[in-house]
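Architecture at a glance
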Amino acid sequence: MEHQDWSKVSQFSEPEHSPGFLLWQVSSLWRRKIEAALYPLGITHIQFVLLANLNWREHFNKSSTQIELARSCKIDVNMASQVLRTLEKKGYLERIREPGNERSKFPKLTKAGKDIVKQAMPVVEKEDHKFFNCLAEELSSFKQQLHKLIRE
């Protein structure tokens, strides 16, 4: 087997030096913990994200289309549509067409949807606290850096 000059393959001497790889690892670890915590409630992480964001938007009277909700969550529009369809089948939301805007669907939480968000939110926040607690005083700076990446 021929040995490659690694410097011609990657600028990083080890995978752990790549910020993208590190972010992927952290994201994967965190997501697995959230998924495990939500499992007893019968919802996935992406379902929670959409339900919680929709709950927040409704609380502040921000009606939104499926597309606006997906963009707000930074989720692929087609993926969001599929997940919202599943959530509708579970009885957690309705997707309503409004007069004058028949092409767009406006998701609205049902009572069951509001109830599952109320149950899931403290579960997710507890897992977040446990996962990010090691950052202690650095957490505020970490969140600022994440916001900077999101804005880019």
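Our subject is the structure listed above.
Residues numbered from 1 in each chain as written. Predicted model: local features only at pLDDT ≥ 70, side-chain atom pairs only at ≥ 80, totals over all residues. Heavy atoms only, no water.

1. Observations regarding the nonpolar core
If you look at the biggest cluster of nonpolar residues, it comprises 23 residues, and the most contacted ones within it are Leu38, Ile43, Phe48, Leu50, Leu51 and Leu87. Taken together, the elements giving at least two residues each to this core come down to helix H1 (19-38), helix H2 (45-59), helix H3 (66-73), helix H4 (77-89) and helix H5 (111-132). Element by element, the count of residues in this core is highest for H2, at 5 residues. With near-sequence residues (within four places) excluded, Leu38 lies in contact with Ile43, Thr44, His45, Phe48, Ala120 and Val124. (Core = buried A, V, L, I, M, F, W, Y, C linked by side-chain atoms within 4.5 Å. Buried < 20%, exposed > 50% of the residue type's maximum accessible area, 1.4 Å probe, protein only. Helix = DSSP H or I, 4+ residues; strand = E, 2+ residues; numbered from the N terminus. Contact = heavy atoms within 4.5 Å.)

2. Observations regarding the packing of aromatic side chains
Aromatic ring pairs: the centre-centre distance and the angle between the two ring planes describe each pair. Scanning the entire structure with this criterion turns up 5 aromatic pairs. Measuring from centroid to centroid gives 5.0 Å for Phe131 and Phe132, while their planes differ by 85°, and the two rings are edge-to-face. With centroids separated by 6.0 Å and ring planes inclined at 40°, the aromatic side chains of Phe132 and Phe142 adopt a geometry described as tilted. With Phe132 in helix H5 and Phe142 in helix H6 (residues 139-151), this pair connects stretches of sequence that are 10 residues apart. The exposure class assigned to Phe142 is partly exposed, which follows from its relative accessible area of 25%. (Phe/Tyr/Trp six-rings, centres within 6.5 Å; stacked < 30°, edge-to-face > 60°.)

3. Concerning the environment of Ile43
Secondary-structure assignment places Ile43 in the loop between H1 and H2. Judged by its relative accessible area of 4%, Ile43 is buried. The spatial distance from the C-alpha of Ile43 to the C-alpha of Ala120 is 8.8 Å, given a sequence separation of 77 residues. Sequence-distant contacts of Ile43, defined by excluding residues within four places in its chain, comprise Leu38, Phe48, Lys90, Tyr92, Ile116 and Ala120.

4. Things to note about unusual backbone geometry
Of note in the backbone geometry, Lys74 takes a positive phi value of approximately 60° without being a glycine. Tracing the chain through its elements places Lys74 in the loop between H3 and H4. Accessibility expressed as a relative area gives 62% for Lys74, which makes it exposed. One non-glycine residue, Ala136, adopts positive backbone phi at about 45°. Tracing the chain through its elements places Ala136 in the loop between H5 and H6. Assessed through its relative accessible area of 44%, Ala136 is described here as partly exposed.

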